[in-house]
Amino acid sequence: SSIGSSGLRELLGERPESFPPLPLLSAPRGEPPSFFVLTREAHAVAACEGEGEPRRRVEAWELHSLRRTTPEALFKRKVDLGEYGDALTWARAYGFCADGVRQGQWGER
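These remarks concern the structure in this document. (Residues numbered from 1 in each chain as written. Predicted model: local features only at pLDDT ≥ 70, side-chain atom pairs only at ≥ 80, totals over all residues. Heavy atoms only, no water.)

### A look at the overall build of the protein chain
Secondary structure summary: the protein chain contains four helices and three strands in total. Secondary structure elements of the protein chain, listed N to C terminal, follow the sequence α-β-β-β-α-α-α. In the protein chain, which comprises 109 residues, the share counted as buried stands at 11%. Look at the contacts in the protein chain between residues 6 or more apart in sequence, and 26% of them connect residues 24 or more apart. Within the structure as shown, the protein chain displays about 9,300 Å² of accessible surface, and the carbon and sulfur contribution to it stands at 53%. (Helix = DSSP H or I, 4+ residues; strand = E, 2+ residues; numbered from the N terminus. Buried < 20%, exposed > 50% of the residue type's maximum accessible area, 1.4 Å probe, protein only. Contact = heavy atoms within 4.5 Å. Areas by Shrake-Rupley, 256 points an atom, 1.4 Å probe, with all protein chains shown as cover.)

### Some details on helix 3 (residues 84-94)
Turning to helix 3, its buried residues number three or more, namely Tyr84, Ala87, Leu88 and Ala91. Down the axis, helix 3 shows its buried residues gathered within 100 degrees of arc, on one side only. A positive phi of about 70 degrees marks Gly95, the residue just after helix 3. (Arc of directions from axis to C-beta.)

### Digging into the environment of Glu31
Secondary-structure assignment places Glu31 in the loop between strand 1 (24-25) and strand 2 (34-45). Looking at Glu31, the relative accessible area reads 74%, which means it is exposed. Along the backbone, Glu31 and Arg67 are 36 residues apart, and their C-alpha atoms lie at a distance of 9.7 Å.

### A few points about the packing of aromatic side chains
Aromatic ring pairs: the centre-centre distance and the angle between the two ring planes describe each pair. Considering all chains together, one arrives at three aromatic pairs under this definition. When the centroid spacing of 5.3 Å and the interplanar angle of 55 degrees are considered together, the rings of Phe75 and Phe96 count as tilted. With Phe75 in helix 2 (residues 71-80) and Phe96 in the loop between helix 3 and helix 4 (99-108), this pair connects stretches of sequence that are 21 residues apart. A centroid spacing of 5.8 Å and a plane angle of 20 degrees characterise the contact between Tyr94 and Phe96, whose relative ring orientation is stacked. (Phe/Tyr/Trp six-rings, centres within 6.5 Å; stacked < 30°, edge-to-face > 60°.)

### Focus: the environment of Leu81
As for its placement among the helices and strands, Leu81 is situated in the loop between helix 2 and helix 3. Each C-alpha atom, one on Leu81 and one on Gly104, is 9.5 Å from the other, the two residues being 23 residues apart in sequence.

### Structural notes on the packing of helix 2 against helix 3
Direction vectors running N to C along helix 2 and helix 3 enclose 155 degrees, while the axes themselves pass 8 Å from each other. Judged on the interaxial angle alone, helix 3 and helix 2 are roughly antiparallel. The interaxial crossing formed by helix 2 with helix 3 has left-handed handedness. Listed contacts from helix 3 to Pro71, Leu74, Phe75, Lys78 and Val79 of helix 2 are Tyr84, Asp86, Ala87, Trp90, Ala91 and Tyr94. Considering only residue class, the contact of helix 2 with helix 3 consists of nine nonpolar, no polar and two charged. (Axes fitted to C-alpha atoms, helices over the stretch in contact; angles between N-to-C directions. Parallel < 35°, antiparallel > 145°, perpendicular 65-115°, else oblique. Left-handed = near helix turned anticlockwise from the far one by under 90°. Nonpolar A, V, L, I, M, F, W, Y, C, P; charged D, E, K, R; others polar.)

The quantities given are spatial measurements derived from coordinates; they are silent on function.
Written out as structure tokens, the structure is:
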């Protein structure tokens, strides 16, 4: 279920959250083990109103999942996601048949 912004304020309390320095790496989970990495990028942008307005900082958060895979599984995932250019690169690098890539491209038309 989801909560509205008022419910979120109630969960966080009156003070803003603070987090340890980034990036953060999770403990290994599953078999084979996989990890999560949380990163943050901060960008200063000009205010929309006019010059002389204070600049504000915008943060972008990214959650990355790192897990062991095989070249074949990654190739199939690239085709399934429609990332055909990457899939062709993997096919050439590992000598895979590119028919699956062409069939995926053809199916989108």
